[in-house]
Every structure is written in C-alpha cells, then in structure tokens.
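Architecture at a glance
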Amino acid sequence: MLRIMRFSGLFSVLLAIIVLSPSLQSFPPAEAIRSSHLRFPTSPHRFSFRKAPPFRNAADCAAIDIDSGVCNPSLVHVAITLDFEYLRGSIAAVNSILQHSSCPESVFFHFLVSEPDLESVVRSTFPELKFKVYYFDPEIVRTLISTSVRQALEQPLNYARNYLADLLEPCVRRVIYLDSDLIVVDDIAKLWRTRLGSKTIGAPEYCHANFTKYFTPAFWSSERFSAAAFGGRSPCYFNTGVMVMDLERWRRVGYTEAIEKWMEVQKSDRIYELGSLPPFLLVFAGDVAPIEHRWNQHGLGGDNVKGSCRDLHPGPVSLLHWSGSGKPWFRLDSRRPCPLDSLWAPYDLYGHLR
C-alpha cells in the first residue's frame, strides 16, 4: 500500500517517482505516441517476454486444492483481455498483481482473446500461473459498435467485459475486471473483498465529473432517452477499466441484454461518442457500490487525442491506470516518456528475440 499526497503539481510527480520507483528515465516528458501508429508484430513467435520468477503464497494463505480448478471457492478471479497491441501492458499488469499479492497462487486469471496463439505467450512467461483463455467472437458485437473519438475504442475486444457472465464458468460468481494499461501496487485480495451489498458492480465513482459530456445533445434533448436512462438515479461517472462484478446477479438480471439495447439505440440515434463506456454508464451509473479512489488512479494516459502527461490525483495509490491515448510502453520506447511512466517500467517483461 502506497500513500502519495499532492502538495503541488510537479512536486507530487517527483515525490511519487521517489516513493514508487528507484530510478527515473532520463528522457524529457512529452505527449504520447499514438498507439495506433505503433504495433506489435502480428505473430507471437516474433516477440518474447522474459520468464517471471515463481510467486509463492504466504504461510497464512488458505490451502488450494489443485484438483478443484476454477471452481475453488478460495480463488481470487481476475479477468483481463489479451491482444497483440496491448499484450505488453497485459503481461505487466499480471506481473504487478503477482508481485504485490500475499497469496499469488490463489489468483486465477481469465484471459479474453479474439486472436490465436496468445496462450503460449502467457504460459512461457508465467509457467506456474493459474489461468484459462476464453475466445470472444468479434462478430457478437461488430454490428453494434459505432465509430468513436479514438479508433482503439472501436475494437470488439473492448466489449468483451459485457459478456463475462456468459463466457466464464457458472461457478465463478464474482470477478475483478481490469484493463490492460494499468499496474496494481497493492494486494489484489483487498479489492476482491469489496462489499457490493445489493449492487452488481463496484468501482471508484467521481460524482464531481461533468457527466453531461459523455453523451450527445441529441441524448439530453430527448425525454425518451433521458427518462429511460439511469432509472431515476443520480448518476456519477465511473471508469469501467477497474470493476468488481457480481456475475451471479448479472446473470440473474440480464445486464448484457440491457447494455446491448443501448448500443442498438446508439446505432440509430448517436447518443454518445466514447466507445464501450457510455452503455455501462446508462445501465449502472448511480447504482454502483463505491470503491476507494486509490483503486483507480486513472487518466495517466492523458486525453483521447494528444495523450499529454498527467499528474496523480491526491491521495493514496493502490492501482495506476494509463487510460487515455498515451501508453507507457510506447512512450518509453520512443524515448519520450512522461514522468509517471517510469513507475510502470519495473513490471515490463517484454524483450525482442534476437
């Protein structure tokens, strides 16, 4: 657990780097290199990741029955997408979770993919990892996806989180969903123990955010849409890149269909501009179990256009999230990193084959 307080803009960045990382990249901060311009090779055989060391449970961790598989009630379930462009980020995220977990052998990873051969990359990097790969068919959502402010937000795999309740085994009743562009610097079991109460999802909420900007004037000017949305609740913004999800309740209520209905409305009436987030807001905003902000220090990738360098929010840090167009691996490789990108670098296991 790491505590960082903001005293002033630049000073807090320097303080964060001193606390969280032993070294600072020597390159000056700069705006992001757009991820759409820099891609991994299209075959997993063209790149490799260094093998991670084994991670062992502490003495006080619950015993794991190796024969019970994914249905073991002692497991912490984490879902992350895998694709070639963001694979480096996903591997770093897994590495960070294992490094900071007191019971790493009790974490089970559910990887969502739409491309072949990625399982071998994970297995060679984390030989003892408990995980399963699930294929998400892009055709399920292709006709529902609308153009967005950033091309990366239009990728079908971004919508796989909507279908976790269908993809994962029925015995998996709860899962932590994480984006690929983040690192966890606290014990993931603390997030797992979040009390959802009667809510289906939990996430850090930001009620001071300008909620109106996530939807078009056509949405707000239509009583038909605004009355149907939010169910009379007072909505607050939340980022869907970090969520604790009650899959049992999700399946029972049928939230996948509710999200799909808003995506169908979007195709005909253009009620939002920002990819997979707005349908989640329309269904859940105002009905979310609040989680401490420490679990999603988001926005470190800047905005969706320039991806400029950002500072940390005030307060403690358990998870750093490079949401936005600037990704730390691209900025570091371009030798134009932002100061906080050096906090991501120690978890990077990527290395080209020679």
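- As annotated in an unreviewed UniProt entry, the chain carries the name Hexosyltransferase and is attributed to Brassica oleracea var. oleracea.
- Of the chain, the UniProt comment under Pathway (unreviewed entry) reads exactly: "Glycan metabolism; pectin biosynthesis."
- The Subcellular location (unreviewed entry) field of the UniProt record for the chain holds the comment "Endomembrane system".

Section: the overall build of the chain
- Counting its regular elements, the chain contains 13 helices and 15 strands.
- Relative to its full complement of 354 residues, the chain shows a buried share of 56%.
- By sequence separation, contacts in the chain at least 24 residues apart represent 75% of the contacts at least 6 residues apart.
- For the chain, the accessible area works out to roughly 15700 Å², and carbon and sulfur atoms hold 52% of it.

Points about the state of the cysteines
- For the structure shown, the criterion picks out 4 disulfides.
- The side chain of Cys61 participates in a disulfide bridge whose partner is Cys103; the two sulfur atoms lie 1.9 Å from each other. Across the disulfide from Cys61 to Cys103, rotation about the S-S bond amounts to roughly -95°, and the bridge is consequently left-handed. Highlighted residues: Cys61 in the loop between strand E2 (48–49) and strand E3 (76–82) and Cys103 in the loop between helix H2 (87–100) and strand E4 (107–113), separated in sequence by 42 residues.

Concerning the environment of Leu319
- Along the chain, the position of Leu319 falls in strand E14 (residues 319–321).
- Its relative accessible area of 0% is what places Leu319 among the buried residues.
- Once the C-alpha coordinates of Leu319 and His298 are considered, the two residues, 21 residues apart in sequence, prove to be 8.4 Å apart.
- Excluding residues within four positions of it along the chain, Leu319 makes contact with Leu178, Leu182, Ile183, Val184, Val185, Val242, Arg294, Trp295, Asn296 and Gln297.

With respect to the pairing of strand E5 (residues 130–135)
- In the sheet, E4 pairs with E5 via 6 bridges, with the strands oriented parallel. Residue pairing across strands places Val113 opposite Tyr135, the latter belonging to E5.
- Between the parallel pair E4 and E5, the chain is carried across by helix H3 (residues 118–125), and the sense of this crossover is right-handed.

Cut-off values and rules
- Residues numbered from 1 in each chain as written.
- Predicted model: local features only at pLDDT ≥ 70, side-chain atom pairs only at ≥ 80, totals over all residues.
- Heavy atoms only, no water.
- UniProt positions renumbered as here; feature names shortened; annotations may be inferred.
- Helix = DSSP H or I, 4+ residues; strand = E, 2+ residues; numbered from the N terminus.
- Buried < 20%, exposed > 50% of the residue type's maximum accessible area, 1.4 Å probe, protein only.
- Contact = heavy atoms within 4.5 Å.
- Areas by Shrake-Rupley, 256 points an atom, 1.4 Å probe, with all protein chains shown as cover.
- Disulfide = S-S within 2.5 Å.
- Pairing = 2+ DSSP bridges.
- Right-handed = clockwise from strand over helix to strand, strands pointing away.

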